[in-house]
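Each chain, written out:
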Amino acid sequence: MTTQEIIPIIGSGPAGTASAMNLLRYGFQPLIIERDSFPRFHIGESLTTECVDALNRLGLQAQLAALSAPGKKGVRIFSRHPENSFYVGAGDAWQVERARFDSMMLDTAVERGAHHLQGSARKLVFEDGHWRVDVETADGSTRQIASRFVIDASGQQRFSQRQGLIGPLQEGRYARQIAFFSQFEGVTRELSDAWDTLIFHRDMHEWCWMIPLSEQVTSIGLVLPVETWKQDKQSVDEFLDTRLAEFSAPLALRLSSARRVGPVRTVSNYSYRIEPYASRGLFCVGDSHRFIDPIFSFGVEFAVVEAEYVGKAIQACSGLDTAAWSAHIDNYLRITTEAQNVIDDMLQYFWAYPWGFANMAHVRFREEFLEIFAGRLYESGEGEGLRRMRDTLANDRDSDRRQSASPH
Ligand code: FAD
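What comes next is a walk through the structure. The structure presented is a predicted model; accordingly, all values stated were derived computationally and were not measured. (Residues numbered from 1 in each chain as written. Predicted model: local features only at pLDDT ≥ 70, side-chain atom pairs only at ≥ 80, totals over all residues. Heavy atoms only, no water.)

Around the ligand, the structure places 38 residues, and the nearest of them are Glu34, His42, Ile43, Ser46 and Asp287. A distance of 2.9 Å separates an oxygen atom of the ligand from a polar atom in the backbone of Ala15. Within the side chain of His42, a nitrogen or oxygen atom sits 2.7 Å from an oxygen atom of the ligand. With the chains in place, 95% of the 1,000 Å² that the ligand exposes on its own is no longer accessible. Those elements giving two or more residues to the shell around the ligand turn out to be α1 (14–25), β2 (29–34), β5 (115–127), β12 (207–212) and α9 (299–318). Residue classes in the shell around the ligand are distributed as 17 nonpolar, 14 polar and seven charged. (Near = heavy atom within 4 Å. Polar contact = N/O pair within 3.5 Å; in protein donor to acceptor, adjacent residues only side chain to side chain. Areas by Shrake-Rupley, 256 points an atom, 1.4 Å probe, with all protein chains shown as cover. Helix = DSSP H or I, 4+ residues; strand = E, 2+ residues; numbered from the N terminus. Nonpolar A, V, L, I, M, F, W, Y, C, P; charged D, E, K, R; others polar.)

Below, the structure written as structure tokens:
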């Protein structure tokens, strides 16, 4: 291995900074390129147990504790009717304000030896067996960095895919959705689930989240099909306020004394899948290659656990001739794809059969789904509950195919 080999990382969200910390452990010199100045707002505040375990494996216990973020024990899922709720414990996890969390991650990576370059990656090319990233720096100059390896952690910007280097991109199942979110004070919290993530769902793909960020502040969001929003003529503020008020009884109960204390932000059309997402020493991590419905909060986990696997893959490749890299690249792709598929399939089943899902996850296969909700998704094999869900989805697809093939 060439020690202190520079490895550029595009983006300093959790995928980029966790990748940097993993590379440092193997003796590489990560160079994190970030276009935004931190701290900056980011959505994605509810972490899973496995996500926190991966952060602990990076030795971040003290830094996480210093955030004084509320602990999260589980997720309560409500349908339209308050009596139809169920709870899934998630072990010990956290709810974090991402501006503070992402800054902590970047500061720690830099303290440990990562370089940080403020600027926008503009171009990525493969020439003479090396990658070259062109970065437009904050002062307007261009810097070029050459390396055998490069990590794309550019999130929803999908830098490598837009450069035509990986792909193709497939629209995800939740692509035509829009999320509205803001911060609120004065939310009524039930003692039993005061610090949990609360999910309220009703019609297909329509849901809200409630994530306590401190004693006073709660993050609340509303997700629904983008067409529903387009048909409405209200401003985003009015739309969020009126839709939250009428969404469901259990949500209205908690909002009776609440007031919005932050701007309303939106994000839309965010679900996609890009395959393959690693090749010739270029690795995509986190949102830069796939984004599923965020309802059960696995995004940051995908980012930080994939960062572990990318560290291992680059370490394994670095001592080998490039001809021998493909086994390690394929291994990275297989393990990370299988983990994301668990959530993709589980969600598809949840939306198709909400009552069946509650029964499977809460009653029949409770232990298995506790593990899934905790985020034990990597190299864990397929349990009986998940297998049954997948069988049902496969049967549905078969019957759809038969119906569309039969003459009317
Ligand atoms: P990001 O965090 O987006 O970081 C990418 C970084 O790359 C950014 O800082 C960006 O500025 C930088 N960048 C992009 N392009 C360039 C460039 N060309 N040059 C330099 N820098 C660049 N996840 C959870 O775990 N829990 C939740 O509760 C949750 N809720 C969500 C709710 C919604 C509505 C949505 C949309 C997402 C939610 N997520 C949640 C998902 C979570 O936000 C993401 O999965 C997570 O932030 C992915 O991390 P990342 O590092 O891959 O990308």
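A few words now on the environment of Ile77. With respect to the secondary-structure elements, Ile77 resides in strand β3 (residues 71–78). Non-local contacts of Ile77, meaning those with residues more than four positions away in its chain, are made with Asn84, Ser85, Phe86, Val88, Ile199, His201, Phe296, Phe350 and Phe373. (Contact = heavy atoms within 4.5 Å.)

Ranked by size, the top nonpolar core spans 110 residues in total, and within it Phe101, Phe296, Tyr332, Ile343 and Phe357 carry the most contacts. Broken down by element, the residue count for this core peaks at twelve residues, all from helix α10 (residues 326–352). Beyond its immediate sequence surroundings of up to four residues, Phe296 is in contact with Ile77, Met346, Leu347, Phe350, Phe357 and Phe373. Ranked by size, the runner-up nonpolar core spans 21 residues in total, among them Leu222, Leu224, Phe239 and Leu251. (Core = buried A, V, L, I, M, F, W, Y, C linked by side-chain atoms within 4.5 Å. Buried < 20%, exposed > 50% of the residue type's maximum accessible area, 1.4 Å probe, protein only.)

Right, let's get into the sheet that holds strand β9 (residues 169–171). With antiparallel pairing, three strands are arranged side by side in an open sheet as β9-β16-β19. Strands with a single pairing partner mark the edges of an open sheet, and in this sheet they are β9 and β19 (290–291). (Pairing = 2+ DSSP bridges.)

Glancing now at the packing of α10 against helix α12 (residues 366–374). Viewed as axis vectors pointing N to C, α10 and α12 meet at an angle of 120°, and their least axial separation amounts to 11 Å. Judged by the inter-axis angle, α10 sits oblique to α12. The way α10 lies across α12 gives a crossing that is left-handed. On α12, the residues touching Val342, Ile343 and Met346 of α10 are Phe369, Ile372 and Phe373. When the residues that make up the contact of α10 with α12 are grouped by side-chain class, the tally is six nonpolar, no polar and no charged. (Axes fitted to C-alpha atoms, helices over the stretch in contact; angles between N-to-C directions. Parallel < 35°, antiparallel > 145°, perpendicular 65-115°, else oblique. Left-handed = near helix turned anticlockwise from the far one by under 90°.)

These figures come from the coordinates and say nothing about function on their own.
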